[in-house]
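# Remarks on the overall topology
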Amino acid sequence: MKASRSGPRVGLTLVLAIGALLPLALLVALSVSVEWFYPTLLPGRWSSANWDFLGRGSEVIFSSLWTSVALALCAGVVSSIAGLFAGREIARLDGWRRRLAVALAFLPVAVPPLALSIGLQYSLLRAGLGGRFVGVMVAHIVPALGYTTLFFVGIFAVFDWRVEQEARSLGANPFDVLRRVTLPLLRRPLVEAFALGFLVSWAQVPLTLLIGQGLVNTLPLELMSYVNAGQDHLAATAGLVLTIPPLALLVVAGLAVRRLRVVIA
Amino acid sequence: MRGVEVRLDGDLVLRSLTMQVGRGERFVVVGPSGAGKTTLLRAIAGFVTPDRGEISVAGRGATALPPEKRDAVYMHQTPVLFPHLTVFENVAFPLRVRRVPAGEVRERAGAALDAMLMGEFGNRIPRTLSGGQRHRVALARAIVARPALLLLDEPFSALDPALKRDIRVALLAAHAQYDPGSVVVTHDFGDAAGIADRIGVLIGGELVQVAPPAELFARPASLAIARFLSIANEICGLADGAGNFSSPLGNLPVANGVPAGAAVAVFSPAAVRIGQEGGTMARVLEVYIHPQYTTLKLKIAGETVEAACPLGSSFTIGGETTVVLDRASVAVFPLSMAERDNKTV
Amino acid sequence: MRGLLVAILVAGPVLAGIAYSMLGALGVVGPGASGVSLRHLQVVLADSATWWGLLWTVWIALASTLLATILAMGTAVAFRAERGVDRFARLVAVVPLAVPHVVAALGAVLVLSQSGLLARLAFAANLQTSPADMPPLIYDRYGIGLILALSWKEFPFLALIAFSVIARRGALLEETARSLGAGPLQTFRVATLPALWRGLLPSMIAVFTFVAGNYEVAALLAPSSPLALPLLTMERYTDSALDVRGEAFVLVLLAMAVSLCGVAAHEWTANKFEAAE
């Protein structure tokens, strides 16, 4: 393919960049200002007031951020560990059993969270978990576990089981095999699964709404209330904070892939 | 092992197997694919439980022991090194799980690596090693704890000749270290002959013959074995039940056990002597030149026979020569109808 | 065998939810339950809001999936080289992947609302004099803002796949086509496009299914009439009349059925194209 003139290409890239990054730029601009009315193109007054919650532990954003972090951490830990064992067992299956198991594990991922919350609400309410942190945590784990299980099925599908056999033959008892061979090999996937479960919980809305019943406030929920109330500056700040973990993980994942490519090359 | 029987998915894979491997002995199990060779090895290793029979290693009953407690190391066809450990840590692994103190680990693992000529590679990771290097690391790791038995599953498969030689040398070096017994499984008789003290032929789950390589090749115990060994020539004829076998190539004395009736004489190309006085007339059909010898395809009295002759002899296609059969290298077996038509094992 | 048990455990809550929704739809359990009856079913099926909701939701999902696909294919083809500009473009295209859906919706509000960035740019270019001059792009009947927001959010996912398809097979297909005499446009149509399509179709179905069930973006950008299916479901479920709440279960089952169809379609296309590979 002949090299095309760089003019249009650069122009196209610019359009793409603006399209992809402009909303984020807007968020940043809004979060560092307090007055920005139509029809001005730049904020009227710059201010860091929106970020005060970082220092003083105010009601604004801070408590919902804390709740979101706690929920996502729990969901990440539980779903990654449980997903490992689940994925391993499923990966051991063959034929129709395996297809069925994978389809089952796919259900929590495929069913829309809203439908899931309506279906689950009754049982969780009956168990006394409605409107409580624990209840929302359990609710978040349901889809997160689906994602991590499928992730580990993929990992174990290409896992060389022979290393375990080899270790046994060399004199290691089952506990040693786990400790010295299997778990070290799984350390990286476990971290990745944790990130996956974390993100599933982090951005979750319907499950928190319906199971939390207004008593459990997470950052996405707070963001939505700001949008509905027209409080753009606070909404933008909340939005930026909400975007930080996934963005950070994307960067880390991108670097990891690049490093791998260098090693292979 | 004694009387070991293994059933997999309902099929009897190993039938009442009994065999012994001595200290320092290299015992090679050969057989066609699907004969049960890998199952045999894995039964010794402890990954397959026999339905009947006993196995003992180094004098200790092993039938009830889990793999890690048997004194036998099973090595997969492609070397399985631990990807998350360095070469040194791989070799040190058996010592570490036996809680050997660190100083001793360093010494013994280092010695094993040196014995396998991999002493310089201690800090490398498995991913960066070549095939031959991996085999050597795997062997070093296998011998570092001095197990009584080494079990190698098809170590020569799918390798080029240089690599095969590499592994053969490494295996002999391992034996030189402390005299373990080895059970090696392969489907290639040539590879087996290169390292074996004794060869066991496994066909259909049974050990049909156990003998040193030379004896096996010269006197296979049955037609099936002869066919497996790909002994090239088969001439059909008639046995009279009294010790004679008549064929287009002449009459041959046979072992007493051959009953009257259709029989087949089996012999390798090396058993055919070319250009001898008083031999039978033969016409040269084709000439094949190999690196170390030449093979001729000859037509003798209506039968096609392969004969080997040393490099340097020259023959023309269509020319004539005489041949004599070396009777000591010919085996005669009774032939059933089915066997005559089915040329493969 | 253990694997199946484990899979059932993982799917357990969903299966329980489906069962409960079925019972609720039949009036056996849930708020306003009064014994087995098909009343909820009848009401929902007869309600025009249900069908408008379904239709509208399908329209939104279809439009945003197609738009995202076109953007993804376009980006993959335009920026397929290894030089700096292209790699930067591919990098930038992936950014929306990291942005949570609610934040994407917020972005849409900020840019597309009548007093948003677009409107202000129009004002600066003297194209309008007041917010009311701006045609409504969000909360509008066609869901334009909603479609744009969803496409923006979903296109990196499809773009990544498109990049991989182009990287793996693009050059080969093109060389073959070019050497057989095809011009650039023909090459695209005959060689590149089919490969992209095959690679992307399963994921397009996944995106469609996901978008159709998404609540939060619709909640922030969709109009109140016609009401998107997820919003309709939520409205019914939180209705003050307990009786009406039972109808939500029917809508939930509808949403689940749509997802399961999506999953089936995804599997079928994925297998079909995998076999051909």
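### Comments concerning the interface of chain B and chain A
Each partner contributes residues to the interface: chain B has 25 residues there, and chain A has 19 residues. Considering only the side of chain B, the residues that lose the most area to chain A are E68(B), H84(B) and F93(B), jointly responsible for 27% of the buried surface there. At the junction of chain B and chain A, the tally comes to three salt bridges. With a shortest N-O distance of 3.5 Å, R99(B) and D176(A) are connected by a salt bridge. Applying the counting rule to chain B against chain A returns ten residue pairs in polar contact (both at pLDDT 80 or more).

### Some words on the environment of R97(A)
Assignment of secondary structure puts R97(A) in helix α4 (residues 95-110). Note on R97(A): relative accessible area 32%, which makes it partly exposed. In sequence terms R97(A) and L12(A) are 85 residues apart; their C-alpha atoms lie 49 Å from each other. Ignoring anything within four residues of it in the chain, the contact list for R97(A) reads M1(C) and L4(C).

### Structural notes on the interface of chain C and chain A
Counting residues at the interface gives 72 residues for chain C and 70 residues for chain A. Of the roughly 6,000 Å² buried at the junction of chain C and chain A (both faces included), carbon and sulfur atoms supply 81%. Linking chain C to chain A there are two salt bridges. A salt bridge links E89(A) to R2(C), with the shortest nitrogen-to-oxygen separation between them at 3.3 Å. Across the chain C-chain A interface, the total number found is five residue pairs in polar contact (both at pLDDT 80 or more).

### Looking at the packing of aromatic side chains
If you walk through the whole model with that rule in mind, you get twelve aromatic pairs over all chains. Seen from their ring centres, Y122(A) and Y20(C) are 4.6 Å apart, and the 10 degrees between their planes marks the pair as stacked. Placement of Y122(A) in helix α5 (residues 113-126) and of Y20(C) in helix α1 (residues 2-25) is noted, with the two residues assigned to different chains. Assessed through its relative accessible area of 35%, Y122(A) is described here as partly exposed. Taking 5.5 Å as the distance between ring centres and 20 degrees as the angle between the ring planes, the aromatic pair formed by F198(A) and W202(A) counts as stacked. Linking F198(A) with W202(A), this pair stays in helix α8 (residues 174-202), spanning four residues, or about one helical turn. Owing to a relative accessible area of 10%, F198(A) belongs among the buried residues under this scheme. An aromatic cluster is defined as three or more aromatic residues linked by ring pairs; in this entry it consists of F151(A), F152(A), F156(A), F159(A) and W161(A). Across the ring face of Y142(C), the terminal group of R141(C) is positioned such that the distance to the ring centre comes to 5.3 Å.

### Digging into the pairing of strand β18 (residues 294-300) of chain B
Residues and elements named next belong to chain B. Where burial is concerned, most of β18 is hidden: five out of the seven residues are buried. Pairing geometry for strand β17 (residues 280-289) and β18, over six bridges, is antiparallel. Each bridged residue has a counterpart across the sheet, and for R283 the counterpart in β18 is K299. Pairing of β18 with strand β19 (residues 303-309) involves seven bridges; the strand directions are antiparallel. Looking across to β19, one finds that T294 is bridged to C309. Taking the residues between adjacent antiparallel strands as the criterion, β18 and β19 are bridged by two residues, where A301 takes a positive phi near 45 degrees.

### Section: the arrangement of the chains
Looking across the two pairs of chains in contact, one finds the most contacts between chains A and C. Regarding chain B and chain C, which are not in contact, the minimum distance between any of their C-alpha atoms is 16 Å.

### Some points on the sheet that holds strand β10 (residues 198-203) of chain B
Residues and elements named next belong to chain B. A sheet is described by the order of its strands in space; here six strands give the open sequence β7-β8-β9-β3-β10-β11, paired in mixed fashion. Each edge of the open sheet carries a strand with a single partner, namely β7 (72-75) and β11 (206-211). Recorded for the sheet is a direction-independent mean angle of 20 degrees between the axes of neighbouring strands. Relative to strand β9 (residues 181-186), strand β3 (residues 26-30) runs parallel, the two sharing five bridges. Pairing of V28 across the sheet is with V184, part of β9. The strands that helix α1 (residues 37-45) touches are β3, β7, β8 (149-153), β9 and β10; relative to β8, the one it contacts most, it runs at about 150 degrees. Strand contacts of helix α4 (residues 131-143): β7 and β8, with the helix running at about 165 degrees to β7, the strand carrying the most contacts.

### Quick look at the pattern of salt bridges
Here the structure, examined in full by the defined rule, presents 24 salt bridges over all chains. When the shortest N-O distance is used, the salt bridge between K37(B) and E154(B) registers 3.9 Å. Separated by 117 residues along the polypeptide, K37(B) in helix α1 and E154(B) in the loop between β8 and α5 (161-178) bring together distant segments of the chain. Of the charged contacts in the structure, one is a salt bridge between D47(C) and R236(C), with a shortest N-O distance of 2.8 Å. In this pair, D47(C) sits in the loop between α2 (39-46) and α3 (48-78) while R236(C) sits in helix α10 (residues 229-237), placing the two residues 189 residues apart along the sequence. What emerges from the salt-bridge pattern is a single network uniting D47(C), E235(C), R236(C) and E247(C).

Thresholds, definitions, all that
Residues numbered from 1 in each chain as written. Chains lettered and ligands numbered in written order. Predicted model: local features only at pLDDT ≥ 70, side-chain atom pairs only at ≥ 80, totals over all residues. Heavy atoms only, no water. Contact = heavy atoms within 4.5 Å. Buried area = accessible area lost by both parts, 1.4 Å probe. Salt bridge = Lys/Arg side-chain N within 4 Å of Asp/Glu carboxyl O. Polar contact = N/O pair within 3.5 Å; in protein donor to acceptor, adjacent residues only side chain to side chain. Helix = DSSP H or I, 4+ residues; strand = E, 2+ residues; numbered from the N terminus. Buried < 20%, exposed > 50% of the residue type's maximum accessible area, 1.4 Å probe, protein only. Phe/Tyr/Trp six-rings, centres within 6.5 Å; stacked < 30°, edge-to-face > 60°. Lys NZ or Arg CZ within 6 Å of the ring centre and 35° of its normal. Pairing = 2+ DSSP bridges. Axes fitted to C-alpha atoms, helices over the stretch in contact; angles between N-to-C directions.

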